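# Close look at the chain arrangement
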Amino acid sequence: QVQLAESGGGLVPAGGSLRLSCTASGNLLGADRMGWYRQAPGNQRELVATITSGGTTNYADSMEERFTISRDNRKNTVYLQMNNLKPEDTAVYYCYMPLGVNEYWGQGTLVTVSS
């Protein structure tokens, strides 16, 4: 079993920055890719970015301009640096890890950007 623990969400004014963290624990044998998704009220969950253990990144369109994903393999932790935040970035951000045939999700951390 895998557990994903997120932190770093909160309320920030437009133009501000936040850094989200997600630490994985449990049976991580074979784990490679980790990432972030988000879900805004009334919307479907959407990809933000993923990163492999080797550092290969994949961003959804338009996310790379203001968001940066990174990871510390020694700590089993993935980060999402979000800059120049906009009100439309308001969402619950979920950490994600596929492992074998399973997909693991964190409980989500709320990011609220005020205008």
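Residues numbered from 1 in each chain as written. Predicted model: local features only at pLDDT ≥ 70, side-chain atom pairs only at ≥ 80, totals over all residues. Heavy atoms only, no water.

Across the 9 residues that make up strand 9 (residues 91-99), a large majority, 8, are buried. With 5 bridges connecting them, strand 4 (residues 34-39) and strand 9 associate as antiparallel partners. Residue pairing across strands places Trp36 opposite Cys95, the latter belonging to strand 9. Between strand 9 and strand 10 (residues 102-105), which pair antiparallel in sequence order, lie 2 residues; one of them, Gly100, sits at a positive phi of approximately 65°. (Buried < 20%, exposed > 50% of the residue type's maximum accessible area, 1.4 Å probe, protein only. Helix = DSSP H or I, 4+ residues; strand = E, 2+ residues; numbered from the N terminus. Pairing = 2+ DSSP bridges.)

Now for the environment of Ile51. Tracing the chain through its elements places Ile51 in strand 5 (residues 46-51). Residue class for Ile51 comes out buried when judged on its relative accessible area of 4%. Distance from Ile51 to Asp32, taken between C-alpha atoms, is 8.3 Å for residues 19 residues apart in sequence. Once residues lying within four places of it in the same chain are set aside, the contact partners of Ile51 are Asp32, Arg33, Met34, Thr56, Thr57, Ile69, Ser70, Arg71 and Val78. (Contact = heavy atoms within 4.5 Å.)

By way of backbone hydrogen bonds, the strands of a sheet pair with one another, either parallel or antiparallel. Reading across from one edge, 1-3-8-7 is the order of the 4 strands in this open sheet, with antiparallel pairing throughout. Edge positions in the sheet fall to strand 1 (2-7) and strand 7 (67-72), since each of these pairs with one other strand and no more. On average, each strand axis in the sheet is inclined to that of its neighbour by 15°, with strand direction left out of account. Direction of pairing for strand 1 relative to strand 3 (residues 18-26): antiparallel, over a ladder of 6 bridges. Bridge pairing in strand 3 places Glu6 opposite Cys22. (Axes fitted to C-alpha atoms, helices over the stretch in contact; angles between N-to-C directions.)

Membership of the largest hydrophobic core comes to 31 residues, with the highest contact counts inside it found for Leu4, Trp36, Leu80, Met82 and Tyr93. Ranked by residues supplied to this core, first place goes to strand 9 with 5 residues. The contact partners of Leu80, leaving out residues within four places of it in the chain, are Leu18, Arg19, Leu20, Trp36, Val48, Phe67, Thr68, Ile69 and Tyr93. (Core = buried A, V, L, I, M, F, W, Y, C linked by side-chain atoms within 4.5 Å.)

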